[in-house]
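Spelled out from the first residue to the last, the chains are:
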Amino acid sequence: MDMGKVTADRCVRLTLQPVVNGGIRITGERHGTMLKLHEQKRFVLVAGMFAAVTLLAGCPPVTQSLRIVAGTTALEAGTAITLRAESSDPDDTAFAWSVSNEDICSLSESKLTAGSEVRANAHVPGVVVVYATGSSSGMTAQLSLTVTGLESGSHANRYTKYEGSKTCTCCHDGIAEEVHASVHYQWDGDTPDVINGVGGGKMKGMNDFCTYPSINFIGILTNLDGVKVSGGCGQCHVGMGAKPSPDPTQAQLENIDCLMCHSKHYKRKVVQRPDLSFAFEPDEASMKVPLLRAITDIQGRPNDTCINCHAYAGGGQNNKRGDIEESHRNATRDFDVHMASIENGGAGLICVDCHEVSQHHFAGRGSDLRVTDLDNKVSCTKCHDAKPHKRARLNDHTGRIDCTVCHIPEFSRGSSTEMYRDFSVPEIHPAKRLYEPELHREQNVRPEYRFWDGTSFVYTQGEQAAVDTSTGYYTMSSPQGDILSDGAMIYPFKVHHAYQPIANDSDVFLPFKMGIYFTTANVDLAITTGATQSGMTLTSGYSYVETERFMGIFHEVAPAEDALRCGDCHFGGDRMDFAKLGYTPNTEYDGDPLCASCHEDRSGVWPESELFSNVHAAHTDDLPLDCIVCHTFHAAD
């Protein structure tokens, strides 16, 4: 074709081939050998194999652009807005976001995978500039935000330095004594629901995660890169570094760290004092707000502080519990219908709505926890009816089955959870740059089901370990009760397994000195040092055994439409092992075969998929008979 001008939105017929040296990418629609031009630019193309053709669109050039759009550029401290990037380049599908001062305002995302929107969270007064860079075009846009409001939080101008409860007790008289007596501080207390102990707690108990907190309470570790990092089980203790003791001395009362529970911005680190003891102090470098705001922005009941510790128990996010994880911080309705905010379609509950509090004692005890802090049962019936369903058949289940069985079909739905820990195999944690036991994790885990009457066996440091003959594992914790126990109901459980050392001569579980394990991977030295510091003598060495811990599942309640259906357990469903739970019918009644004691065997009348429901209905609905006629138990109330 002839060289010259071609009007935009006109079609020209070309044979398109790549330009070897130079040339600009054309934006248009390709229709066979026809090209419809859209961009108002000069393009150099090759027609056929010979001639170069210059096409110049007849309209002025269009400049590429990128901008950040916000509903407002002025916001108050403590609020947030959504920022959106709009680019003229259609390949800019994601953006790199940054802000000039994170103390004034922080962003929810910063990577190129952040997409076109981020949340800007305002913290303290000031002016910041937000930047967005297109993933394809490389263009950068900026937007200035002005943050107004108080310099600090709810306790602004009351103090400028935080020294633990010593700072707080001048106004909050008697509160330190309450906290000192609580399980959150003592890690010890009465154990009326543990069948093998009259007292104890985390501080005295052996476990299959950090083994023995008493000898691993607080310290500073040097990781594989030579960096000093905080260490010890006490990082989630509500104290300033000293171990708890039962006497409420002035030193003990001043050791309480109120901000662990009452400031969602507060972070702390381990420091070593001149007398070589270890303590916690505020870690301003890890906070997203200035120190003054973190120590004065006090909330009475923030969920965030509960999540900070309970979601990271066991040394990592969702390692331990399996049903308390980072996703709870901003839960969706599908993830947890109770803890999702009203804006997210949930009930908007906070932790203490269910875990009631009295004088800093909290209700609620998982099956593997030793201490009962507040003898006030957490129960669904405090908000829901005991017979909550419209269908009577479903309500027939509530006497034997806890609500959580049907309404938590799987746990660890936000992230994976640790299911197995092999202490014999140390491996490097890529983020911490420390050694830790080999961990096996799973996500969307189906619970195991057991009867539980509210009491438990929980292993205590120093006692002889025993094997559960029904499972073949050494027991760290197990729910008590069966189908014949008063008040026992079926509950869902996470079952955690571990491979851990036991003394050959006493069958007593051995603790690790975890600092040695984490920094050197010298497993034998970690065991022998742990035994010595625990007052044990290894006269005959040690071996490894397989252990198990049952942990009740109570969170991550799914919406009603996602609850289990009848077919998940009945009509061939494989979720419940009814024989193991004790539901297998007797073989005889009054000395005769069970069915023949009343009539001939009619089991062949119905197909297998209908056998249970029809046999059951014929005896319990039509007659009706009590369960004890065919089983070992009476019908539940």
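Quantities reported herein were computed from a predicted structural model and do not represent experimental measurements. (Residues numbered from 1 in each chain as written. Predicted model: local features only at pLDDT ≥ 70, side-chain atom pairs only at ≥ 80, totals over all residues. Heavy atoms only, no water.)

### Points about the environment of N318
Position of N318 among the secondary structure elements: in the loop between α7 (303-310) and α8 (351-354). Separated by 97 residues in the primary sequence, N318 and S415 place their C-alpha atoms 7.2 Å from one another. For N318, the residues in contact, after removing those within four places along its chain, are A311, D323, I324, E325, S412, S415, S416, T417, E418 and R441. (Helix = DSSP H or I, 4+ residues; strand = E, 2+ residues; numbered from the N terminus. Contact = heavy atoms within 4.5 Å.)

### Some thoughts on the sheet that holds strand β12 (residues 117-122)
Across the sheet, four strands lie side by side as β7-β9-β12-β11; this open sheet has antiparallel pairing. The strands lining the two open edges of the sheet, one partner per strand, are β7 (66-70) and β11 (105-107). Taking the axes of each pair of neighbouring strands and ignoring which way they run, one obtains an average angle of 30 degrees across the sheet. Two strands pair when backbone bridges link them, and β7 and strand β9 (residues 80-87) are joined in this way by five bridges, in the antiparallel orientation. Its bridge partner lying in β9, L66 is registered against S87. (Pairing = 2+ DSSP bridges. Axes fitted to C-alpha atoms, helices over the stretch in contact; angles between N-to-C directions.)

### Quick notes on the pairing of strand β27 (residues 542-552)
Across three bridges, strand β25 (residues 474-479) lies against β27 in parallel orientation. Of the residues in β27, the one forming a bridge with Y474 is T547. As judged from the eleven bridges shared by strand β26 (residues 489-503) and β27, these two strands associate in the antiparallel manner. Bridge pairing in β27 places H497 opposite E548.

### As for helix α12 (residues 523-533)
Every buried residue of α12 is listed here: V523, A526, I527, T529, G530 and A531. Against β21 (417-429), β26, α11 (514-520) and β27 lie the buried residues of α12. Where α12 ends, the next residue or the one after it, G535, has phi of about 80 degrees, a positive value. (Buried < 20%, exposed > 50% of the residue type's maximum accessible area, 1.4 Å probe, protein only.)

### So, the confidence of the model for the chain
Close inspection of predicted coordinates is inappropriate for parts of the model with low pLDDT. Model confidence for the chain is summarised by a mean pLDDT of 88, while 90% of its residues fall at 70 or above. Under a pLDDT of 50 for its full length, residues 1-12 has, in the predicted model, 34 contacts with residues more than four places off or in other chains. Low pLDDT (under 50) marks residues 14-62, which in the prediction has 93 contacts with non-local residues, meaning those over four places away or in another chain. (pLDDT = per-residue confidence, 0-100.)

### Observations regarding the pairing of β26
Extensive coverage of β26 is indicated by the burial of 14 of its 15 residues. The pairing of β21 with β26 spans three bridges and is parallel. Bridging from a neighbouring strand, Y420 pairs with H497 of β26. Taken together, the five bridges between strand β23 (residues 448-452) and β26 define a ladder with antiparallel strand orientation.

### Here's the deal with the environment of H389
Of note, H389 is situated in the loop between β20 (361-362) and α9 (392-395). If we ignore the near neighbours within four places in the chain, the residues touching H389 are L394, N395, T398 and H407.

### Quick notes on the sheet that holds strand β14 (residues 140-148)
Judged by pairing direction, the sheet is mixed, and its four strands sit side by side in the order β8-β14-β13-β10 without closing on themselves. Strand pairing shows two members of the sheet lacking a second neighbour, β8 (74-76) and β10 (95-99), which therefore form its edges. The mean angle between the axes of side-by-side strands here comes to 30 degrees, regardless of whether they run parallel or antiparallel. Sheet topology places strand β13 (residues 126-134) next to β14; eight bridges connect them, and they run antiparallel. Paired with V129 across the strands is S144, a residue of β14.

### A word on unusual backbone geometry
Residue P624 follows L623 across a cis peptide bond; omega there is -20 degrees. Along the polypeptide, P624 turns up in the segment after α15 (608-620). Located in the positive-phi region is T211, a residue other than glycine, with phi close to 70 degrees. Positioned with a positive phi, E556 is a non-glycine residue whose angle comes to about 65 degrees. Mapped onto the fold, E556 is located in the loop between β27 and α13 (566-569). Exposure remark for E556: the relative accessible area of 0% places this residue in the buried category.

### Quick word on the pattern of salt bridges
Within the structure shown, the criterion is met by 22 salt bridges. In this structure, E326 engages R329 in a salt bridge whose closest nitrogen and oxygen atoms are separated by 2.6 Å. Given a relative accessible area of 28%, E326 falls into the partly exposed group. Classification of R329 as partly exposed rests on a relative accessible area of 31%. Each of the salt bridges in this network shares a partner with another, and the network as a whole consists of D208, R321, D368 and R549. (Salt bridge = Lys/Arg side-chain N within 4 Å of Asp/Glu carboxyl O.)

### Brief notes about the nonpolar core
I68, L83, W97, L107, A120, V130 and L145 are the most contacted members of the largest nonpolar core, which has 25 residues in total. Those elements giving two or more residues to this core turn out to be β7, β9, β10, β11, β12, β13 and β14. Considering each element in turn, this core owes the most residues, four residues, to β14. By size, the runner-up hydrophobic cluster in this structure holds 23 residues, among which are M206, V523, A526 and V545. (Core = buried A, V, L, I, M, F, W, Y, C linked by side-chain atoms within 4.5 Å.)

### Points about the packing of aromatic side chains
What the rule picks out here adds up to 16 aromatic pairs. Both rings, one in Y474 and one in F509, keep their centres 6.2 Å apart while their planes meet at 75 degrees; by these two values the pair is edge-to-face. Remark: F509 occurs in the loop between β26 and α11 and Y474 occurs in strand β25; sequence separation between them is 35 residues. Accessibility classification places Y474 together with F509 in one group, the buried group. Measuring from centroid to centroid gives 5.1 Å for Y499 and Y544, while their planes differ by 25 degrees, and the two rings are stacked. Here Y499, found in strand β26, pairs with Y544, found in strand β27; they are 45 residues apart in sequence, far enough to count as distant. The exposure class of Y499 is partly exposed, given its relative accessible area of 25%. An aromatic cluster is built from W452, Y491, F493, F550 and F554, whose rings are joined through pairwise contacts. Here K202 stacks its cationic end above the ring of W187, 5.4 Å away from the centre of that ring. Directly above the aromatic system of F280 lies the positively charged group of R268, at a separation of 3.7 Å from the ring centroid. (Phe/Tyr/Trp six-rings, centres within 6.5 Å; stacked < 30°, edge-to-face > 60°. Lys NZ or Arg CZ within 6 Å of the ring centre and 35° of its normal.)

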